[in-house]
Amino acid sequence: MEVSAAVVHSFDHPPRYGPFDLPVPADEDEVVLDVLAVGLHPRVRSGAAGRHYTSTGKLPMVPGVDGVGRLPDGRLVYFVADDELTGPMATRTVVDVRRCVPLPDDVDVVKVAAAMNPAMSSWMALRRRVPIRPGQSVLVLGATGNAGQMAVQVVKRLGAGRVVGAGRDPGRLALLPELGADAAVALTDAALAGAAAEVDLVLDYLWGEPAASVIPALLWARSDRGRELNWIQIGAVAGPTVEVPSVALRSADFRLQGSGQGAVSARAYLEELPELVDEIDQGRIAVSARIVPLAEVEAAWTAPERPGVRTVLVTEEV
């Protein structure tokens, strides 16, 4: 079956809109779905560039990790793409029905497509990796990014007693209290040592040099280094590696782990999706989206991103 899709022919060039041969469903769990909306997430960009750790290097490919679509029986669903199947940035794609979550008929498909992926990162970290306990305090490192802003909201929804957001953009830092942050601080060791030394958990969207600097700064500033500090590495926009002094691991109850594909099972993701969909659909997690027709994917890919706004590619007017 030929469909129109955003097709990656080279990892050095943005996807181009054009024809693509959609494979036939392999078994009874796979169906052809009409795609309505797909988020252009950082994870999608890294996959399309062959840089994500799940990349197979096989071309041509259709990118995307999730979306909203309509099943053959008319049901509206949010779906998570299977790494073994064609991506969702197409007018139609093959999905595994076991990776679909039913949606209300009146749902805002753009809002769901925009919010699920970035909100899922913090939701899964605090539900499946280090389950948050009511009243605990959390530092969101990289809170001025799109996923970081959603993390501030998710953390509050999951019962945090205090949320500290840290980032570099003063304008976006100023917006964090409106999203639920109790403190919004600049990304400096001194500011973080003063505002976040006593947090229980850190959601790290930055990694790289900021994490290497902040880890010892927080640990040395804690009043009780024997109190558990869980650091959850989620994103690496500031760099893929960190040098952590060995004394940081020996002189404090410091626990470092990651959250993402592989660290959390596909089954666990699917079990959490319905509740997160409801949070977004009911407006309890705010999101801003820019709507772009799928046919304009190449221009959308290279256009400057607006802070706090997620691009959503749509196959029809919504």
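Residues numbered from 1 in each chain as written. Predicted model: local features only at pLDDT ≥ 70, side-chain atom pairs only at ≥ 80, totals over all residues. Heavy atoms only, no water.

## Some points on the packing of aromatic side chains
Tallying each qualifying case throughout the model produces one aromatic pair. Relative to phenylalanine 254, the ring of tryptophan 231 has its centre 6.2 Å away and its plane inclined at 75°; by these criteria the two rings are edge-to-face. Here phenylalanine 254 lies in strand β13 (residues 254–258) and tryptophan 231 lies in strand β12 (residues 229–233), a separation of 23 residues in the sequence. Classification of tryptophan 231 as buried rests on a relative accessible area of 1%. Arginine 45 extends its terminal NZ or CZ atom over the ring of tryptophan 301, reaching a point 5.4 Å from the ring centre. (Phe/Tyr/Trp six-rings, centres within 6.5 Å; stacked < 30°, edge-to-face > 60°. Helix = DSSP H or I, 4+ residues; strand = E, 2+ residues; numbered from the N terminus. Buried < 20%, exposed > 50% of the residue type's maximum accessible area, 1.4 Å probe, protein only. Lys NZ or Arg CZ within 6 Å of the ring centre and 35° of its normal.)

## As for the packing of helix α2 (residues 109–129) against helix α9 (residues 266–281)
Packed helix pairs are specified by the crossing angle of their axes together with the interaxial distance, meaning the distance between the axes. In contact at an axis separation of 9 Å, α2 and α9 are set at 125° when each is read in the N-to-C sense. Between α2 and α9, the interaxial angle falls into the category oblique. With respect to the hand of their crossing, α2 and α9 are arranged in right-handed fashion. Mapping the contact onto sequence places Lys111, Val112, Ala115, Met116, Ala119, Met120, Trp123, Met124, Arg127 and Arg128 in α2 and Ala268, Tyr269, Glu271, Glu272, Leu273, Glu275, Leu276, Val277, Glu279, Ile280 and Asp281 in α9. Broken down by class, the residue content of the contact of α2 with α9 amounts to 13 nonpolar, no polar and eight charged. (Axes fitted to C-alpha atoms, helices over the stretch in contact; angles between N-to-C directions. Parallel < 35°, antiparallel > 145°, perpendicular 65-115°, else oblique. Left-handed = near helix turned anticlockwise from the far one by under 90°. Contact = heavy atoms within 4.5 Å. Nonpolar A, V, L, I, M, F, W, Y, C, P; charged D, E, K, R; others polar.)

## Side note on the layout of surface pockets
The space that makes up the second largest pocket amounts to roughly 230 Å³. Gln149, Gln153, Leu179, Ser288 and Gly308 are the residues nearest the centre of the second largest pocket, which is lined by 13 residues in total. Elements that contribute at least two residues to the lining of the second largest pocket include exactly α3 (146–157) and α5 (176–179). It is α3 that contributes the most residues to the lining of the second largest pocket, four residues altogether. Taken together, the residues that form the lining of the second largest pocket break down as six nonpolar, five polar and two charged. (1 Å grid on protein atoms, 1.4 Å probe; cavity = no way out; pocket = protein on both sides within 12 Å on 5 of 7 lines; lining within 4 Å. Points joined across faces, edges and corners; volume = space filled by probe spheres on them.)

## Observations regarding the environment of glycine 262
Among the secondary structure elements, glycine 262 is positioned in the loop between β13 and α9. Residue classification places glycine 262 among the exposed positions, given a relative accessible area of 72%. Glycine 262 sits 23 residues away from glycine 239 along the chain, and the two C-alpha atoms are 20 Å apart.

Geometry only, nothing functional implied.
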